[in-house]
Amino acid sequence: MVAIPTAELRPGLVTAADVRDSVDQLLVPSGVTLTERHLRVLHMCAIPTVQIVGDGESREVSALVIDPEVLKAAQESLRRRFRFCDLTHPAVRELHALAAVDLASGRRF
Amino acid sequence: MTSLPRLVSGAVGLATLPSIYLRLSDVASDPRTGAVEVGRVISEDPALSARLLRLVNGALYGLSHRVETIDQALMLAGTSQVLDLALANSVIRVFAGIPASMLDVDAFWRHSIATGLAARAIAVQRRELNPERFFVAGLLHDIGRMVLALHEPQRLARALEEARGGDVMLHHAERATFGFDHADVGAGILAAWHLPPALQQAVAYHHAPIAAVAFPVEAATAHVADVIAHSFELGASGQPGVPTLEPAAWDRLGLLPAALSGIVDDVRRQYVDVVQVMLIYENAAIAAQAS
């Protein structure tokens, strides 16, 4: 069980305790799989944190290890795909990095 | 030289939204009707009902239990969300089965769905109240290119050549060839279909999001979602490479770059399922009808 800030919640996480608002009204019971609707309610009621089952990971964490040389080659080969973009922009840099990891690990959508 | 209005009216003449969607839209906007009436209209179209249930029960919502009826889907997701999903289905149906010589239609819709999912994931991250609206905006963002491929294939071919040869973005080559680009065409189509102004602006300005005065968030979302879809080469729209990210659009969304990983994961989780429901089922349904 772990307390997760509301802003970091994602659909699929399961509540480990009842979520109540400032006047003790039950918003989301314990043991519920959070949907986007729940997240909107929690956001609108300004709930700061929510107790979540497990360690807060709703998807399997990959124990992937990528050879740094392979990753570097992937980053280089993606320069062409990103040739219209400014790779110094933090968001572009992040997308380029994520795409390189996918390419290097052979991960497909 | 075909003018933009002539192109749009010619295209809309051949491509009308399915009557089921128009009826749904009427029923939903009538203040005297409620979810029950909306549910009844949807239920009259078994194919649409099946498609909507399949979407709600799939990766888009990640429910832990099955939704069995349209009424349950309406209660769970909300009427406007279900309507937006119905609109998404309707648009794909409009163009389904029409071959386009200058465009890989399947790849086009995959790119459109990926952009829709990225836009939706951005909206969810930003706690927008109507994520499906953003899904539709992303899905429709390049619809103008489909229209160009169907109605002006030779000139689109020239624009494609220029984009490849001159190493420029395709919408710039379109503007040089046509005097307008696919965003202008798409916006015209959506206006002719009387779709909401927020959707029109998202499509019109997805390459020039700063110019979207009335609906800057929708345009910025479509813009960034397009960049995300291209970053992972999910489908193809003819545009070679990732389009330039407009920093002001990124700033407008107020997201941290670290949020992109979660957004991309959402798209990754949903892409295969939604493509299956919206594209593959659709193509199979058309093939079955044709045989």
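Look above for the structure.
This write-up is about the structure you can find in this document. (Residues numbered from 1 in each chain as written. Chains lettered and ligands numbered in written order. Predicted model: local features only at pLDDT ≥ 70, side-chain atom pairs only at ≥ 80, totals over all residues. Heavy atoms only, no water.)

### What about the interface of chain B and chain A?
Listed by partner, the interface residues are 46 residues for chain B and 30 residues for chain A. Summing both partners gives a buried area of about 3,300 Å² for chain B against chain A, and 60% of it is carried by carbon and sulfur. For the pair chain B and chain A, the number of links is 4 salt bridges. Measuring nitrogen to oxygen at the nearest pair gives 2.8 Å for the salt bridge that ties Asp102(A) to Arg268(B). Scanning the region where chain B abuts chain A turns up 10 residue pairs in polar contact (both at pLDDT 80 or more). When contributions to the side of chain B that touches chain A are tallied by element, the ones reaching two or more residues are helix H5 (70-77), helix H7 (105-125), helix H14 (216-231), helix H15 (247-253) and helix H16 (259-290) of chain B. The element best represented in the side of chain B that touches chain A is H16(B), accounting for 11 residues. (Contact = heavy atoms within 4.5 Å. Buried area = accessible area lost by both parts, 1.4 Å probe. Salt bridge = Lys/Arg side-chain N within 4 Å of Asp/Glu carboxyl O. Polar contact = N/O pair within 3.5 Å; in protein donor to acceptor, adjacent residues only side chain to side chain. Helix = DSSP H or I, 4+ residues; strand = E, 2+ residues; numbered from the N terminus.)

### Digging into the side chain of His89(A)
Residue position: His89(A) is located in the loop between helix H2 (68-77) and helix H3 (90-105). A distance of 3.1 Å separates a polar atom in the side chain of His89(A) from the backbone nitrogen of Ala91(A). The contacts of His89(A), once residues within four sequence positions are left out, are Leu245(B), Pro247(B) and Trp250(B).

### Notes on the environment of Val41(B)
With respect to the helices and strands, the residue Val41(B) is situated in helix H3 (residues 35-43). Note: C-alpha distance between Val41(B) and Tyr21(B) (20 residues apart in sequence) is 9.3 Å.

### A few points about unusual backbone geometry
The phi torsion at Asp24(A) lies on the positive side, around 65°, for a residue other than glycine. With respect to the helices, strands and loops of the structure, Asp24(A) is situated in the loop between strand S2 (19-20) and strand S3 (26-28). Overall, the relative accessible area of 52% leaves Asp24(A) in the exposed class. A positive phi angle, near 60°, is found at Arg127(B), a position not held by glycine. Judged by relative accessible area, Arg127(B) falls into the buried class, the value being 11%. (Buried < 20%, exposed > 50% of the residue type's maximum accessible area, 1.4 Å probe, protein only.)

### A closer look at the nonpolar core
The biggest cluster of nonpolar side chains holds 114 residues, and the ones touching the most others in it are Val91(B), Phe95(B), Trp109(B), Ile113(B), Trp193(B), Leu195(B) and Ile228(B). Contacts of Phe95(B), omitting those with residues within four sequence positions, involve Ala15(B), Trp109(B), Ile143(B), Met146(B), Val147(B), Leu150(B) and Trp193(B). Ranked by size, the runner-up nonpolar core spans 12 residues in total, among them Leu13(A), Val28(A), Leu42(A) and Ile47(A). (Core = buried A, V, L, I, M, F, W, Y, C linked by side-chain atoms within 4.5 Å.)

### Considerations on the environment of Leu103(B)
Residue and element names in this part refer to chain B. Tracing the sequence through the fold places Leu103 in the loop between helix H6 (79-95) and H7. Classification of Leu103 by relative accessible area gives buried; the value is 10%. Contacts of Leu103, omitting those with residues within four sequence positions, involve Phe108, Arg145, Met146, Ala149 and Ser237.

### Overview of empty space enclosed by the protein
Within this structure, the stated rule accounts for 4 cavities of 30 Å³ or more. Put simply, the largest cavity is a space of about 90 Å³. Contributing to the lining of the largest cavity are Thr35(A), Glu36(A), Arg37(A), Arg40(A), Tyr61(B), Leu63(B), Leu76(B), Ala77(B), Gln81(B), Pro131(B) and Glu132(B). At the level of elements, helix H1 (36-44) of chain A together with H5 and helix H8 (131-140) of chain B are the ones that each hand at least two residues to the lining of the largest cavity. Within the lining of the largest cavity, the residues separate by chemical class into 5 nonpolar, 2 polar and 4 charged. Roughly 70 Å³ of volume is contained in the second largest cavity. For the second largest cavity, the lining is made up of 13 residues, of which Glu36(A), Leu60(B), Arg120(B), Arg269(B) and Gln270(B) are closest to its centre. Secondary structure elements with two or more residues in the lining of the second largest cavity: H7 and H16 of chain B. At 4 residues, H7(B) tops the list of elements feeding residues into the lining of the second largest cavity. (1 Å grid on protein atoms, 1.4 Å probe; cavity = no way out; pocket = protein on both sides within 12 Å on 5 of 7 lines; lining within 4 Å. Points joined across faces, edges and corners; volume = space filled by probe spheres on them. Nonpolar A, V, L, I, M, F, W, Y, C, P; charged D, E, K, R; others polar.)

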